[in-house]
Amino acid sequence: MTTDWTAPEEGPRPLLNRRLAEFGTTIFAEMSALALRTGSINLGQGFPDTDGPEEIREAAVRALRDGRGNQYPPGPGVPELRQAIAEHQQRFHGLVHDPDTEVLVTAGATEAIAAALLALVEPGDEVIALEPYYDSYAACIAMAGGVRVPVTLRPHEQGFRLDLDELRDAVTDRTRLLLINTPHNPTGTVLTRDELSAIATLAVERDLLVVTDEVYEHLAFDGGHVPLASFPGMHGRTVTISSAGKTFSFTGWKVGWVTAAAELVTAVRSAKQFLTYVSAGPFQYAVAEALRLPDSYFDGLREDLRAKRDLLSEGLASAGFAVHRPAGTYFVTTDVRPLGESDGFAFCRALPERCGVVAIPNAVFYDHREEGAPFVRFAFCKRVDVLQEAVARLKSLAS
């Protein structure tokens, strides 16, 4: 039997999984390359330009020389680090975790986020994220097959604020998980105790899981950081994520962790073991020592970055930007409209040639690009002399 029917011609199937089709080269790669090409000061990507404490770096060297962690460490993380993480959570936040069953070490917070979403989200589940958001959130939700539902933080006189009514209205019968970040990148917002209490109440009422990214926990300048897991009803439904990179200025070590109830950690570990399995063996021992540094270290880090925040914020204001002074993190969000601009992308791409400074357009962190269009983010986790030079260059915009 023959037939005259033939299948319609189609182009070749794209190589990239369709879930990731919207994610190309990151803006960080683009702007860092632009900084290199133009010799500009890079205030775009958020990494320090100096290393952390010398004694912690030496602890890593000592672990290497002693042969600790040079082979595969245990899947959940070395016992010394898991114990130190549990002690840290109790020391700073009053949270009690069993280091054997309720702590998991990951390849930075980024892997922790990926593993948590891959473990807890099934295709079609809705995940609510606070917009603007760290760019890996969207990609990880997509890889898990989830549906991203943004709730937008909007600018007010005292920074960016969460509309709790909007958050409640975003929850549907398909909502599986809330993805919360506080202190918040990129806006610098630190959610208040009342806001966190309302989020906790909503999660309990609607039986939602929560993944909370708290990597800037020691960089809350005004009022301090309160973990969401500390609220009633949240221990068994909250996956808390943090890392050593932001607290100890060793971002390249990629040591992060998850703390949660045992059943949640087991679920996250089930996904994590097929991502990196293990990583950063010798660095884990060093981070265990870092977490036990005296309070003076953590206080000094916060005060150093507070001074840098003020230096850059005041410089940006004098250059003509509208500045949203952050309550936490090490990023300042600015509004370029007082400079006669409205497109953050175009502004950031032209800024290196105009005055030799690189920043990041906040619109890349939004689903609703128009909401973030006029906002630009600068990092202040740099040496004082670098920030002073950047401020001097940016002041040319005012003229």
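For the structure, see preceding data.
Residues numbered from 1 in each chain as written. Predicted model: local features only at pLDDT ≥ 70, side-chain atom pairs only at ≥ 80, totals over all residues. Heavy atoms only, no water.

A. A look at the overall build of the protein. When you go through the protein residue by residue, the secondary structure sums to 14 helices and 15 strands. C-alpha atoms of the protein, sized along the principal axes, occupy 75 × 60 × 45 Å. Burial status across the protein gives 56% buried among its 399 residues. Nonlocal contacts in the protein, meaning residues at least 24 apart in sequence, comprise 75% of its contacts between residues at least 6 apart. For the protein, the accessible surface area stands at approximately 17300 Å², while carbon and sulfur atoms represent 50% of it. Positive and negative side-chain charges in the protein, numbering 38 and 53 respectively, have mean positions lying 3 Å apart. (Helix = DSSP H or I, 4+ residues; strand = E, 2+ residues; numbered from the N terminus. Buried < 20%, exposed > 50% of the residue type's maximum accessible area, 1.4 Å probe, protein only. Contact = heavy atoms within 4.5 Å. Areas by Shrake-Rupley, 256 points an atom, 1.4 Å probe, with all protein chains shown as cover. Lys, Arg positive; Asp, Glu negative; His and termini not counted. Charge placed at Lys NZ, Arg CZ, Asp CG, Glu CD.)

B. Spatial organisation of the layout of surface pockets. Roughly 1000 Å³ of internal volume is contained in the largest pocket. Looking at the largest pocket, it is lined by 45 residues, and the ones nearest its centre are Thr26, Phe28, Tyr134, Asp135 and Ser136. Of all elements in the fold, only helix H1 (27-38), helix H4 (108-120), helix H5 (135-144), helix H8 (245-248) and helix H12 (344-355) reach the threshold of two or more residues within the lining of the largest pocket. Among the residues forming the lining of the largest pocket, the class breakdown is 21 nonpolar, 13 polar and eleven charged. The computed volume of the second largest pocket comes to approximately 300 Å³. Looking at the second largest pocket, it is lined by 20 residues, and the ones nearest its centre are Gln158, Arg161, Asp222, Arg325 and Ala327. Elements with a minimum of two residues in the lining of the second largest pocket: strand S6 (159-161) and strand S11 (322-324). Here the lining of the second largest pocket gets three residues from one element, more than from any other, and that element is S6. (1 Å grid on protein atoms, 1.4 Å probe; cavity = no way out; pocket = protein on both sides within 12 Å on 5 of 7 lines; lining within 4 Å. Points joined across faces, edges and corners; volume = space filled by probe spheres on them. Nonpolar A, V, L, I, M, F, W, Y, C, P; charged D, E, K, R; others polar.)

C. Representation of the sheet that holds strand S2 (residues 103-106). Judged by pairing direction, the sheet is mixed, and its seven strands sit side by side in the order S2-S10-S9-S8-S7-S3-S4 without closing on themselves. Every interior strand has two partners, whereas the edge strands, S2 and strand S4 (147-152), have only one. Averaged over all pairs of adjacent strands, the angle between their axes in this sheet comes to 20°, without regard to strand direction. Docked against the sheet, H4 engages S2, strand S7 (175-181), strand S8 (209-213), strand S9 (238-243) and strand S10 (256-259), running at close to 160° with respect to S9. (Pairing = 2+ DSSP bridges. Axes fitted to C-alpha atoms, helices over the stretch in contact; angles between N-to-C directions.)

D. Spotlight on the sheet that holds strand S12 (residues 331-335). Within the open sheet, the four strands sit side by side as S11-S12-S15-S14. Their pairing is antiparallel. The two strands at the open ends of the sheet, each matched to only one other strand, are S11 and strand S14 (360-361). As judged from the five bridges shared by S12 and strand S15 (residues 375-379), these two strands associate in the antiparallel manner. Across the sheet, residue Thr334 finds its bridge partner in S15, namely Val376. Contacting S11, S12 and S15, helix H11 (residues 295-318) runs over the sheet at an angle of about 15° to S12.

E. Highlighting the pattern of salt bridges. Summed over all chains, the structure comprises 31 salt bridges. The partner of Lys308 in a salt bridge is Asp304, and the shortest N-O contact between them spans 3.3 Å. Remark: Asp304 and Lys308 occur in helix H11; sequence separation between them is four residues, near one turn of the helix. When the shortest N-O distance is used, the salt bridge between Arg325 and Asp310 registers 2.7 Å. Within this pair, whereas Arg325 is found in the loop between S11 and S12, its partner Asp310 is found in helix H11, the two being separated by 15 residues in sequence. What makes Arg325 partly exposed here is its relative accessible area of 39%. Residues participating in the shared-partner salt-bridge network are Asp222, Glu303, Arg306, Arg309, Asp310 and Arg325. (Salt bridge = Lys/Arg side-chain N within 4 Å of Asp/Glu carboxyl O.)

F. Structural context of the pairing of S8. Counting buried residues in S8 gives five out of five residues, a clear majority hidden from the surface. Residue alternation in S8 divides its side chains into two sets, Leu209, Val211 and Asp213 and Val210 and Thr212, and both sets are buried. The sheet contact formed by S7 and S8 spans five bridges and is parallel. Residue pairing for S8: Leu177 is matched across the bridge by Leu209. In terms of handedness, the path from S7 via helix H7 (residues 193-205) over to S8 forms a crossover that is right-handed. Direction of pairing for S8 relative to S9: parallel, over a ladder of four bridges. (Right-handed = clockwise from strand over helix to strand, strands pointing away.)

G. Geometry of the pairing of S12. Counting buried residues along S12, five of its five residues qualify, which places the element largely inside the surrounding structure. Residues Phe331, Thr333 and Asp335 point to one face of S12 and Val332 and Thr334 to the other, with burial holding for every one of them. In this sheet, S12 lies alongside S11 in antiparallel orientation, the contact comprising three bridges. Counted as the bridge partner of Val323 is Thr334 from S12.

H. The arrangement of H7 in detail. Helix length check: H7 (13 residues) gives 18 Å between terminal C-alpha atoms against 18 Å at 1.5 Å per residue, within 8%. Turning to H7, its buried residues are Glu195, Leu196, Ala198, Ile199, Ala200, Leu202 and Ala203. Buried residues along H7 sit against S6, helix H6 (164-170), S7 and S8. Backbone geometry just after H7 places Asp207 at a positive phi near 55°. (Expected span 1.5 Å × (residues − 1).)

I. Inspection of the nonpolar core at higher detail. Counting residues in each nonpolar core, the largest one holds 101 residues, and the members touching the most others are Val239, Phe378 and Leu394. Sequence-distant contacts of Val239, defined by excluding residues within four places in its chain, comprise Ala116, Leu120, Val210, Val211, Thr212, Val258, Thr259, Ala260, Leu264 and Val268. Core analysis: the next-biggest nonpolar cluster, separate from the first, contains 26 residues, Ile199, Val210, Phe231 and Phe375 among them. (Core = buried A, V, L, I, M, F, W, Y, C linked by side-chain atoms within 4.5 Å.)

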